[in-house]
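# Residue-level structure breakdown
Chain residues, written in single-letter form:
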Amino acid sequence: AQSVTQLDSQVPVFEEAPVELRCNYSSSVSVYLFWYVQYPNQGLQLLLKYLSGSTLVKGINGFEAEFNKSQTSFHLRKPSVHISDTAEYFCAVRWETGFQKLVFGTGTRLLVSP
Amino acid sequence: GAGVSQTPSNKVTEKGKYVELRCDPISGHTALYWYRQSLGQGPEFLIYFQGTGAADDSGLPNDRFFAVRPEGSVSTLKIQRTERGDSAVYLCASSYNRGSYNEQFFGPGTRLTVL
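As a starting point, this report considers the structure included with it. (Residues numbered from 1 in each chain as written. Chains lettered and ligands numbered in written order. Predicted model: local features only at pLDDT ≥ 70, side-chain atom pairs only at ≥ 80, totals over all residues. Heavy atoms only, no water.)

## Overview of the overall build of chain B
Within chain B, the regular secondary structure consists of 0 helices and 11 strands. Starting at the N terminus and walking to the C terminus, you meet the elements of chain B as β-β-β-β-β-β-β-β-β-β-β. Taken over the C-alpha trace, chain B has a radius of gyration of 13 Å; the compact-globule value for 115 residues is 13 Å, and the two agree within 12%. Expressed as lengths along the three principal axes of its C-alpha atoms, the size of chain B is roughly 40 × 25 × 25 Å. When burial is assessed residue by residue, chain B has 46% of its 115 residues classed as buried. At a minimum sequence separation of 6, the contacts of chain B that also span at least 24 residues come to 54%. (Helix = DSSP H or I, 4+ residues; strand = E, 2+ residues; numbered from the N terminus. Rg over C-alpha atoms; globule rule 2.2 N^0.38 Å. Buried < 20%, exposed > 50% of the residue type's maximum accessible area, 1.4 Å probe, protein only. Contact = heavy atoms within 4.5 Å.)

Below is the structure:
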């Protein structure tokens, strides 16, 4: 079955420190990869996406992610976090054979403290 | 422009009751999706409409759940004989399907609580 794994349910970090949120998915067939952010009481907002081409993709708010096909991973990184980055982050995958639906991970809560 | 809107934002109902949740997609978007997000989980796919027809309803958990999109715009998710396990945030998304990639824009969700 197609699945997305986010092993870290919560990641505490101090302001201005670097952070990496991990995402692995179940199959290496053709995929489109996404990271979404969800602020409290708000909808999902797209941070970045990988469709094809360069394996390093840059998104909004200084985030970037790297697609690693051999490890079926798409980890999210930011070199220096801000308090305002505190939110829930979801990795999502669309398999080319999966029509249009997105399969989401369980989310990682990023907690940035001063 | 206006994003995806969902009404109501909150719905509290009693076990066994019928509920309807509404989604207004972004104008011009041909595709519409419903997802369900239970507490502590990521969103789970329910159903996808292309125009008026359900192109993929493989995520509907059982026959108590039904969704319609009669004019290819607004969609209603209908849940019969609600159960406490139906409590979740129901998310709607829309996209303008063109080519193989279509970004889905999400609404704020409807929080359903079944007592």
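Following the structure, the description resumes.
## Regarding the pairing of strand S2 (residues 10-14) of chain A
All names here are of chain A. Residues Val11 and Val13 point to one face of S2 and are all buried, whereas Gln10, Pro12 and Phe14, pointing to the other face, are not buried. Pairing between S2 and strand S12 (residues 108-113): 5 bridges, direction parallel. Looking at S12, one finds that Phe14 is bridged to Ser113. (Pairing = 2+ DSSP bridges.)

## Notes on the nonpolar core
Counting residues in each nonpolar core, the largest one holds 30 residues, and the members touching the most others are Trp35(A), Leu48(A), Phe74(A), Leu76(A) and Tyr89(A). Residues in contact with Leu48(A), not counting those within four places in the same chain, are Leu33(A), Phe34(A), Trp35(A), Val57(A), Lys58(A), Gly59(A), Phe63(A), Glu64(A), Ala65(A), Phe74(A) and Leu76(A). One finds Val19(B), Cys23(B), Ile47(B) and Phe65(B) within the second-largest nonpolar core, a separate group that totals 20 residues. (Core = buried A, V, L, I, M, F, W, Y, C linked by side-chain atoms within 4.5 Å.)

## A short note on the sheet that holds strand S1 (residues 5-7) of chain B
Residue and element names in this part refer to chain B. Taken together, the 4 strands give an open sheet; going across it, the order is S1-S3-S8-S7, and neighbouring strands pair in antiparallel fashion. In this open sheet, the two edge strands, each paired with only one partner strand, are S1 and strand S7 (65-68). Each strand of the sheet is rotated relative to its neighbour by a mean of 15°, with strand direction disregarded. Here 4 bridges tie S7 to strand S8 (residues 75-79), and the two strands are oriented antiparallel to one another. Bridge pairing links Phe66 to Lys78 in S8. (Axes fitted to C-alpha atoms, helices over the stretch in contact; angles between N-to-C directions.)

## Some remarks on the packing of aromatic side chains
This structure, assessed with the given rule, holds 12 aromatic pairs over all chains. Considering the side-chain rings of Tyr36(A) and Phe104(A), the 5.8 Å spacing of their centres and the 50° angle between planes classify their relative orientation as tilted. A residue pair is termed long-range when its members are at least 10 positions apart, and Tyr36(A) in strand S5 (residues 31-38) and Phe104(A) in strand S11 (residues 103-104) qualify at 68 residues. Ring centres of Phe90(A) and Phe104(A) lie 6.4 Å apart, and the angle between their planes is 85°; on these two criteria the pair is classed as edge-to-face. Of this pair, Phe90(A) sits in strand S10 (residues 87-95) while Phe104(A) sits in strand S11, and the two are 14 residues apart along the sequence. Across the pair, Phe104(A) and Phe90(A) agree in class, each one buried. Through successive ring pairs, a cluster of aromatic residues spans Phe34(A), Tyr36(A), Phe90(A), Phe104(A), Tyr35(B), Phe45(B) and Phe106(B). (Phe/Tyr/Trp six-rings, centres within 6.5 Å; stacked < 30°, edge-to-face > 60°.)

## Focus on the state of the cysteines
The tally for this structure, following the rule as stated, stands at 2 disulfides over all chains. A sulfur-sulfur distance of 1.9 Å marks the disulfide that ties Cys23(A) to Cys91(A). Its S-S torsion of about -65° marks the bond between Cys23(A) and Cys91(A) as left-handed, since a negative value means left-handed. One end of the pair, Cys23(A), is in the loop between strand S3 (19-21) and strand S4 (24-25); the other, Cys91(A), is in strand S10, with 68 residues separating them in the sequence. Each sulfur of the disulfide joining Cys23(B) and Cys92(B) lies 1.8 Å from the other. (Disulfide = S-S within 2.5 Å.)

## Quick word on the pattern of salt bridges
Pairing of side chains with opposite charge becomes possible as their charged atoms draw close. Residue and element names in this part refer to chain B. Going through the model one piece at a time under the given rule, you end up with 8 salt bridges over all chains. When the shortest N-O distance is used, the salt bridge between Arg22 and Asp24 registers 2.8 Å. Classification of Arg22 as partly exposed rests on a relative accessible area of 37%. The partner of Arg64 in a salt bridge is Glu83, with the nearest N and O atoms 3.5 Å apart. Here Arg64, found in the loop between strand S6 (53-56) and S7, pairs with Glu83, found in the loop between S8 and strand S9 (88-95); they are 19 residues apart in sequence, far enough to count as distant. (Salt bridge = Lys/Arg side-chain N within 4 Å of Asp/Glu carboxyl O.)

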